[in-house]
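Residues per chain are reported as follows:
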Amino acid sequence: MTLTKNDMSKIYVDTCLIHEWFARLMRQDKSKSEPENIRFLREHTEIEKFISIFTIAELTESLLFHEPRIKEHMKKFAILKSLIDAFLETTGIKIIK
């Protein structure tokens, strides 16, 4: 398989790239700066970025039900949804349905 220049301008965002950043936001941990991969996604508007609805579901399930360091009052779908919506808007990531 040969990659073209066009292929190199597209990124699929998987859970492993964003989980810890979302977990940190939900833990309200402000001691660390924005991760380099998040900054890259936000700054490079020329790159098409995609995420699947399944990745969003996996992220939601992991953060709300399996992340022990998030306080219970933060483990609400509405809170996570607002964070995901803001993330998608600021990075220009499109959802594959």
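Residues numbered from 1 in each chain as written. Predicted model: local features only at pLDDT ≥ 70, side-chain atom pairs only at ≥ 80, totals over all residues. Heavy atoms only, no water.

1. Section: the overall build of the protein chain
Line of reasoning, step 1. When helices and strands are tallied, the protein chain shows four helices and three strands.
Line of reasoning, step 2. Written out in order from the N terminus, the α and β elements of the protein chain read β-α-α-β-α-α-β.
Line of reasoning, step 3. C-alpha extents for the protein chain along the principal axes are approximately 45 × 30 × 25 Å.
Line of reasoning, step 4. Within the span of the protein chain, comprising 97 residues, buried residues form 35% of the whole.
Line of reasoning, step 5. Looking at the protein chain alone, contacts between residues at least 24 apart form 78% of all its contacts between residues at least 6 apart.
Line of reasoning, step 6. When the accessible surface of the protein chain is split by element, carbon and sulfur atoms take 60% of a total near 6500 Å².
Line of reasoning, step 7. Mean positive and mean negative side-chain charge positions of the protein chain (16 and 15 charges, respectively) differ by 4 Å. (Helix = DSSP H or I, 4+ residues; strand = E, 2+ residues; numbered from the N terminus. Buried < 20%, exposed > 50% of the residue type's maximum accessible area, 1.4 Å probe, protein only. Contact = heavy atoms within 4.5 Å. Areas by Shrake-Rupley, 256 points an atom, 1.4 Å probe, with all protein chains shown as cover. Lys, Arg positive; Asp, Glu negative; His and termini not counted. Charge placed at Lys NZ, Arg CZ, Asp CG, Glu CD.)

2. A few points about the pattern of salt bridges
Line of reasoning, step 1. Going through the model one piece at a time under the given rule, you end up with ten salt bridges.
Line of reasoning, step 2. Residue R27 is joined to E67 by a salt bridge in which the shortest nitrogen-to-oxygen separation is 3.8 Å. One end of the pair, R27, is in helix α1 (residues 15–27); the other, E67, is in the loop between α3 (53–65) and α4 (77–91), with 40 residues separating them in the sequence.
Line of reasoning, step 3. Residue E67 is classed as buried on the basis of its relative accessible area of 6%. (Salt bridge = Lys/Arg side-chain N within 4 Å of Asp/Glu carboxyl O.)

3. Comments concerning the environment of L64
Line of reasoning, step 1. Mapped onto the elements of the fold, L64 is located in helix α3.
Line of reasoning, step 2. Of the residues examined, L64 reaches a relative accessible area of 11% and is grouped as buried.
Line of reasoning, step 3. Expressed as a C-alpha distance, the spacing of L64 and F77, which sit 13 residues apart in the sequence, is 7.6 Å.
Line of reasoning, step 4. For L64, the contacting residues outside a window of four places in its chain are M26, K75, K76, F77 and L80.

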